Every structure is written in structure tokens, then in C-alpha cells.
Amino acid sequence: MYRAFNLTELADFKELEKIDGNKAKEDYDLHRRQVTENLSMSRILREATILQGDGDQIKIDADYVQQNIFPNYKKYDVFISHSHQDLGLVQKFAYYLRHTLELKVFIDSEVWGYVDDLLMEVNNQYAKIRDGLYEYNKCNLDASVIYLMLSNAIHDVINETECLFFINTPHSINGEENIDKRTTESPWIYDELKTTSIIKTKIPDRIQAMVDCYNNSQNIMVDSAEPIWIRNVNKELNSLTELPNSILVRWKNNYEKDRTNDALDEFYCLLFNIKF
């Protein structure tokens, strides 16, 4: 990951009003099918099962499962972190990034449902006592392993994707009016934000060359009913770069004037010029 951004104004971004919600959903569903079209949970589980001798405990190759459920994350430009309640907004924004700025976008919710399918498949095979009744401890163990796989896979995606856009809305963050007490109820949002704050940033070679050239010319440097469990994410949010709608508009306008450069390169140029 190179940079992570905090989008607090996206719900008011006028460009998204021009996008038909049904078309954005169809585009989301299309990409989701492309990511998961070859997934068969029963097949993956069968192929990942390591046969043991009589009386030995069954073993499942978690690496094989993870590699076959999650997409080739190295091919994406942007990772979108969001609340599931903002899916409609996220679908429009993803459509905008894909079709206006020609970027490859990863939305984590495109694969979440298939993790639940895998958990059900595992529970049915190894924790089921009879219809509607499962062994509690086995289900808990299976869930912990599978959700840890999801967490690890998301970390890999964030690490390999160049930019992360966090969609900051009242659905994802509580207490925005008190900057010292901002929290989230979502363990996945917390995990993704925590990852951005501790992961080692990687400057793409093409960006480093561009920044070095600019610095040499300007002689300046660049900054680099159940209980609701809440987690303070103030530190993690402060590590993100604020991205107002005005920058999104200028990014689109600059890119449409001259498409010879990659859309993200245009984006960074805009940021650097503003910062300097």
C-alpha cells in the first residue's frame, strides 16, 4: 500500500448522482461473479482436506482454501473499506472509479458472503449433530479459523493494493463530532484501519521517480440484541489523508483533459501540487 485516504464527504459527491443505482449494482454483481465464478465450497473443501490414517484427526490445508477463495489481489489499484450499510454508495463510487478513471477496484464485500458459505460447509461436514443442531465448540473453532483466514487475506489485499479509500459515514464511524472518541462497531473496519496504520508503505517506482524529479526542481520534501463491541479508531483515522470532494472533482477533470497518464498518477500529482 502506498497511501490511505479518509472520505468523509462522499455521500454529497455530485458526480455520483449522475450514476444510475441499478447500473452500479449490476456492475458490482458482474465483478463479484468474475471474482467468484469458479468457487465451489464443497470442491475447495474436498481438495483442501488432507487424508489421514484411520483414527487420525482430519486436517484441512488453510493456505489452499485461502488461495482459492480470494482473488488475485495483485491486479487491483484501489481497495474500498466501508460499512455494509453503505453498499449502495460504494457501488456507485466503484462504478465511478472503474468507468470514469479506469481503475481496478477491490471491494471486500464481494467475497464476504462466500466466507459464510465456507463456514456453513465446514460446519455441515464436521460439526453437525443432526438437522438444525451443531456442536458448539466445533462451530466456534471453525468460525475463528475461517474468519482469521479472511482477515489475513484482507491484509494481503491491502498490502498489495496501491491505495485504500475509507468511506467514512455515520454507518462506519460513531462520534465524529468528538474527534477524540471516534469508534466503530465493525470488527472488519477496525481491522482494515488498524492494518493501514501499521503496514509498511511502499512507494511505487514510477511515483518515486516523479516525486524525485519534482523535488529536484522545487527543492522540497514530501511527507510520506447482542452486545455491541466498539473500538476506538481515532489513531487509525488520523493516519489517513483527508480526501474532500473538491479533490475528487479536480482529479476527474485533470484526468479527462489528458489520459496519457495513469489515473492514480494524475491523482498523486494533484495531491503533491496542493501540498507543496
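Residues numbered from 1 in each chain as written. Predicted model: local features only at pLDDT ≥ 70, side-chain atom pairs only at ≥ 80, totals over all residues. Heavy atoms only, no water.

Draft legend 1. Layout of the overall build of the protein. Regarding its fold elements, the protein presents 12 helices and 11 strands. When each of the 276 residues of the protein is scored for burial, the buried share is 43%. As displayed, the protein has an accessible area near 15,300 Å², and 48% of this comes from carbon and sulfur atoms. (Helix = DSSP H or I, 4+ residues; strand = E, 2+ residues; numbered from the N terminus. Buried < 20%, exposed > 50% of the residue type's maximum accessible area, 1.4 Å probe, protein only. Areas by Shrake-Rupley, 256 points an atom, 1.4 Å probe, with all protein chains shown as cover.)

Draft legend 2. Just the packing of aromatic side chains, in detail. Applying the stated criterion to the full structure yields 13 aromatic pairs. Ring geometry for Phe13 and Tyr96: centres 5.3 Å apart, planes at 90 degrees, overall edge-to-face. Of this pair, Phe13 sits in the loop between strand S1 (3-7) and helix H1 (14-17) while Tyr96 sits in helix H5 (residues 87-99); the two residues are 83 residues apart in sequence, bridging distant segments of the chain. Accessibility assignment for this pair places Phe13 and Tyr96 in one class, buried. Ring centres of Phe93 and Tyr96 lie 6.4 Å apart, and the angle between their planes is 15 degrees; this geometry places the pair in the stacked category. Taken together, the residues Phe93 and Tyr96, both in helix H5 and three residues apart, mark about one turn of the helix. Grouping aromatic residues by their ring pairs yields a cluster made of Tyr2, Phe5, Phe13, Phe93, Tyr96, Phe165, Trp251, Phe267 and Tyr268. Above the plane of the ring of Tyr2 lies Arg3, whose end atom (NZ or CZ) is 5.8 Å from the centre. (Phe/Tyr/Trp six-rings, centres within 6.5 Å; stacked < 30°, edge-to-face > 60°. Lys NZ or Arg CZ within 6 Å of the ring centre and 35° of its normal.)

Draft legend 3. Region of interest: the pairing of S1. Most of S1 is tucked away: five of the five residues are buried. By the alternation rule, side chains of S1 split into Arg3, Phe5 and Leu7 and Ala4 and Asn6, which are all buried. Of the pairings in the sheet, the one linking S1 to strand S8 (residues 163-167) comprises five bridges and is parallel in character. Among the inter-strand pairings, Phe5 is bridged to a residue of S8, identified as Phe165. For S1 and strand S11 (residues 241-242), the ladder comprises two bridges, and the chain directions are parallel. (Pairing = 2+ DSSP bridges.)

Draft legend 4. How the structure looks around unusual backbone geometry. Its identity is not glycine, yet Glu102 carries a phi of approximately 60 degrees, on the positive side. In this fold, Glu102 is placed in the loop between H5 and strand S5 (105-107). Accessibility expressed as a relative area gives 49% for Glu102, which makes it partly exposed.

Draft legend 5. Expanded view of the packing of helix H4 (residues 62-69) against helix H7 (residues 136-160). Across the interface, H4 lies against H7 with an axial gap of 10 Å and an inter-helix angle of 55 degrees. Taken together, the axes of H4 and H7 are oblique relative to one another. For the crossing formed where H4 meets H7, the hand is right-handed. Facing Ala62, Val65 and Gln66 of H4, the residues of H7 in contact are Met149, Asn152, Ala153 and Asp156. Partitioning the contact of H4 with H7 into residue classes produces four nonpolar, two polar and one charged. (Axes fitted to C-alpha atoms, helices over the stretch in contact; angles between N-to-C directions. Parallel < 35°, antiparallel > 145°, perpendicular 65-115°, else oblique. Left-handed = near helix turned anticlockwise from the far one by under 90°. Contact = heavy atoms within 4.5 Å. Nonpolar A, V, L, I, M, F, W, Y, C, P; charged D, E, K, R; others polar.)

Draft legend 6. Seen up close, H5. When the terminal C-alpha atoms of H5 are compared, their 18 Å separation across 13 residues agrees well with the 18 Å that a helix rising 1.5 Å per residue should span. Inspection of H5 places Leu89, Val90, Gln91, Phe93, Ala94, Tyr95, Tyr96, Leu97 and Arg98 among the buried residues, and these make up the whole buried set. (Expected span 1.5 Å × (residues − 1).)

Draft legend 7. Representation of the side chain of Ser151 within the structure. If you trace the backbone, Ser151 turns up in helix H7. Overall, the relative accessible area of 9% leaves Ser151 in the buried class. Every residue in contact with Ser151, bar those within four places of it in the chain, is listed here: Trp188 and Asp191.

Draft legend 8. Expanded view of the nonpolar core. Of all hydrophobic cores here, the largest spans 39 residues; its most connected members are Ile80, Phe93, Leu97, Phe165, Trp251 and Phe267. The residues contacting Leu97, other than those within four sequence positions of it, are Val78, Ile80, Glu102, Leu103, Val105, Phe165 and Trp251. (Core = buried A, V, L, I, M, F, W, Y, C linked by side-chain atoms within 4.5 Å.)

Draft legend 9. Spotlight on the sheet that holds S8. Strand order in the open sheet made by the five strands is S5-S4-S8-S1-S11, with parallel pairing throughout. Pairing within the sheet leaves two strands with one partner each, and these edge strands are S5 and S11.

Draft legend 10. A look at the environment of Ser186. Looking at the element boundaries, Ser186 is found in the loop between strand S9 (183-184) and helix H8 (187-198). Measuring from C-alpha to C-alpha, the distance between Ser186 and His171 comes to 9.5 Å, with 15 residues separating the pair along the chain. Separated by 3.3 Å, the side chain of Ser186 and the backbone nitrogen of Trp188 make a polar contact. (Polar contact = N/O pair within 3.5 Å; in protein donor to acceptor, adjacent residues only side chain to side chain.)

Draft legend 11. Main features of helix H11 (residues 245-257). In a regular helix each residue adds 1.5 Å, so 13 residues correspond to 18 Å; H11 covers 19 Å between its end C-alpha atoms and thus fits that length. Here H11 has its buried residues at Asn245, Ile247, Leu248, Trp251, Lys252 and Tyr255. When H11 is viewed along its axis, its buried side chains cluster within an angular range of 155 degrees and face the same direction. (Arc of directions from axis to C-beta.)

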